[in-house]
Amino acid sequence: MKTKMRFTARLFAVLGAFALLATACGGDDDTPEAGGALTVAIVAPSASDDLAFTQSMVDAVNALDREITLSITDGTFIVEEAAAAIRGYAEDGINVVIAHGTQYGASLAEIAPDFPDTTFIWGTATDTQGLDNVFAYHPAADQGGYVNGVMAAAISTTGVIGVVGPIEAGDAVAYINGFVEGAEAGGATVNVTYTGSFGDVALAAEAAEAHITNNADVLTGSAQMVVGAVGVAVSNDVPWFGTQANQTSLAPNLVVASQVYHWEVVLEEMLALRDSGTKGGQAFELNMANGGLVIEFNDGYSLPADVKAAAEAAIAEKSAG
Amino acid sequence: MDDFFTTSVLVATAAAAIRLATPYLLAALGETIGQRSGVLNLGVDGVMLLSAFFAYWTVLSTGNLWLAALVALLVGLIMGVIYAVITVFFEATQGISGIGIFIFGLGFSDLMFRQQVGTPKPVPRLPSVNIPFLADLPYVGEPLFQRSLMTYLAFGLVPLTVVLLNKTTFGLNVRAVGENPQAADSLGVSVERTRFAAIMIGNAFAGLAGAALVLQLGIFQPNLTQGMGFIAVALVYFGAWRPWGVMGGALLYGVVNATVLQWKALGIIPVSISDLAGMAPAILTIGALILLARRVHAPAALTKPFSRH
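Residues numbered from 1 in each chain as written. Chains lettered and ligands numbered in written order. Predicted model: local features only at pLDDT ≥ 70, side-chain atom pairs only at ≥ 80, totals over all residues. Heavy atoms only, no water.

Enquirer: For this particular structure, what's the right way to read the sheet that holds strand β10 (residues 255-261) of chain A?
Expert: All names here are of chain A. If you walk across this open sheet you meet the six strands as β7-β6-β8-β9-β10-β12, and the pairing is mixed. Edge positions in the sheet fall to β7 (189-194) and β12 (293-297), since each has one partner strand and no second. Across the sheet, the mean angle separating the axes of adjacent strands is 15° when strand polarity is ignored. (Pairing = 2+ DSSP bridges. Helix = DSSP H or I, 4+ residues; strand = E, 2+ residues; numbered from the N terminus. Axes fitted to C-alpha atoms, helices over the stretch in contact; angles between N-to-C directions.)

Encoded structure:
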């Protein structure tokens, strides 16, 4: 009995010490000091290194100028899986949960009210669904699409340009509409194929082949399945215009330019608001004027000077609003 | 529509259809052999993913396309051993076991890709091999005889599978254990060994299907197959467990997909109904299955584990 009591006393002592240590180390408020360390989680539909939608957000969080502990759950194209991950992160006390997919909106509307101290960042979306702990974001992807379209029309010799899109939704449709507008302004004919899938690389490749059969000599596309289409562009020596992330590594000699999303521009604003006590309730746009959308030219592709000048004029026009 | 009915577009559509059909055909042929022995394998997609990744990784590391195909074949065989042990010797429920294999393949290929590769990097694609004389034939030369060796292999395996199933002792045993394993067993046929071999062949074909996919595309990314393996299983039903029927199903699926893509590119299908049109291949397959379901019957012992006791 004595031994047991001694053991119990020791146990309580150890537990007590741990408790004191935990109290000393922990804070009583999960809102960090301004610009201080944050725990951030990203839930996204495709791979974090997809050279497209998801990678653009991962790169952006890593580019933030503050101490971040980042957790990622990617490849959650099934909304229920994403919802479980979002809720799990909130339950774990993560400060900021980024739900990087339009399709996660309905889940967020259910989850966010249960965690008022957590900031949820959701996009692409133009409104916060009335939730005061949700920030929304969307890119004005049509701006970069327009600039790419201007360049594509200028370098096309057949006057036919092919576009490979996923599903007619979100920033993909904005980019494609902008691209069509820019290319048609330059006198080109633009054929658009939505494959019906964000992930079907084989269909994207065949869609690109179909465009080339129909005389397209310049290609572009949006979403993570375009890696297949880029492969076809390489096989046929056809220039490619990228969006979402810099896709030069896929075709170093054929990617003319990429519209790159710099989400960090709006993320910084959101986190500054959070630091000041505003946990959500506002929507942000990524555009050329605020530096969130940047056209990155590929030095490995020799773009004629007049075409680059036309692109820079279009960028200036879009930046000026 | 006139733009579609031109020689160049029709030839390109036929070529696209054959490219699209190749991985489906390989996977479905293998599944046909497995199912004729009474074993359903819903893990085909997982085996394809694993094989595709390892083939891709091999090309990335060595640049050798044929070594990549061999590696994919070996991965298929290894997965075949695992699946055969689970379903034949442990007599586990085939449906659940297959889904387990699929989930493993999906997850492990994803994990390996992230650990070993990271960002997608293009690799060389399989070159076209022109068959002398035939490749120059008008209209049919380009789509049929200017293809990759993997495509020739896939279509060449169709008659070989017919012969295997119908003209060899092994094929007779496969069909016997798929219809009535107790009777086959009483006649001295080893049901376990026959099913084990059929599963191995089926998984090897699935491995080649993964290789065909990744070597045609020249790229890998997580979940590259997008459920192709499940469609391959459906094509076995579509083809009424006969290799020629399976080939017809794979070609039909490829033709519909290729035609829809061409029509979209030509603007024949408006963008507003683009997504709806993309469902055409799946709707066609389901429709055909409904029609065929009344006329054909599956191997009687399909999905039923065999036990002497």
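The structure having been displayed, the exposition proceeds.
Enquirer: Explain the pairing of strand β4 (residues 119-123) of chain A to me, please; I cannot follow it from the model alone.
Expert: The two faces of a sheet get side chains in turn, since along a regular strand they alternate between them. Residue and element names in this part refer to chain A. Among the five residues of β4, five are classified as buried, and the element is accordingly described as predominantly covered. Residues Thr-119, Ile-121 and Gly-123 line one face of β4 and the alternating positions Phe-120 and Trp-122 line the opposite face, and both faces are buried. Summarising the sheet, strand β3 (residues 96-100) and β4 pair through five bridges and their orientation is parallel. Paired with Ile-98 across the two strands is Ile-121, which belongs to β4. Two elements, β4 and strand β5 (residues 134-139), share four bridges in a ladder whose sense is parallel. Residue Gly-123 lies in a different strand from β5, and its bridge partner there is Tyr-137. (Buried < 20%, exposed > 50% of the residue type's maximum accessible area, 1.4 Å probe, protein only.)

Enquirer: Sorry, what's going on with the packing of helix α6 (residues 149-167) of chain B against helix α7 (residues 169-179) of chain B here?
Expert: Working note: a packed helix pair is described by the angle between its axes plus the distance between those axes. Residue and element names in this part refer to chain B. Remark: α6 packs on α7, axes separated minimally by 5 Å, with the N-to-C direction vectors making an angle of 75°. With respect to each other, α6 and α7 are oriented roughly perpendicular. The segment α6 lies against α7, with Leu-164, Leu-165, Asn-166 and Lys-167 engaging Thr-169, Phe-170, Gly-171, Leu-172, Val-174 and Arg-175. Split into classes, the residues belonging to the contact of α6 with α7 amount to five nonpolar, three polar and two charged. (Parallel < 35°, antiparallel > 145°, perpendicular 65-115°, else oblique. Contact = heavy atoms within 4.5 Å. Nonpolar A, V, L, I, M, F, W, Y, C, P; charged D, E, K, R; others polar.)

Enquirer: I would appreciate a short explanation of the domain arrangement of chain A in the present structure.
Expert: All names here are of chain A. According to the domain assignment, chain A contains domain 1 (38-139 + 263-286) and domain 2 (141-260 + 293-319). For domain 1 versus domain 2, the separation of C-alpha centres amounts to 28 Å. Each side of the interface is counted separately: domain 1 has ten residues, and domain 2 has 13 residues. Contact with domain 2 buries area across many residues of domain 1, yet Leu-51, Ala-52 and Pro-139 alone supply 47% of it, more than any other trio. Along the contact surface separating domain 1 from domain 2 lie zero salt bridges. Where domain 1 packs against domain 2, one counts three residue pairs in polar contact (both at pLDDT 80 or more). Looking at the side of domain 1 that touches domain 2 residue by residue, the classes come out as six nonpolar, three polar and one charged. (Domains from an automatic or database assignment. Buried area = accessible area lost by both parts, 1.4 Å probe. Salt bridge = Lys/Arg side-chain N within 4 Å of Asp/Glu carboxyl O. Polar contact = N/O pair within 3.5 Å; in protein donor to acceptor, adjacent residues only side chain to side chain.)

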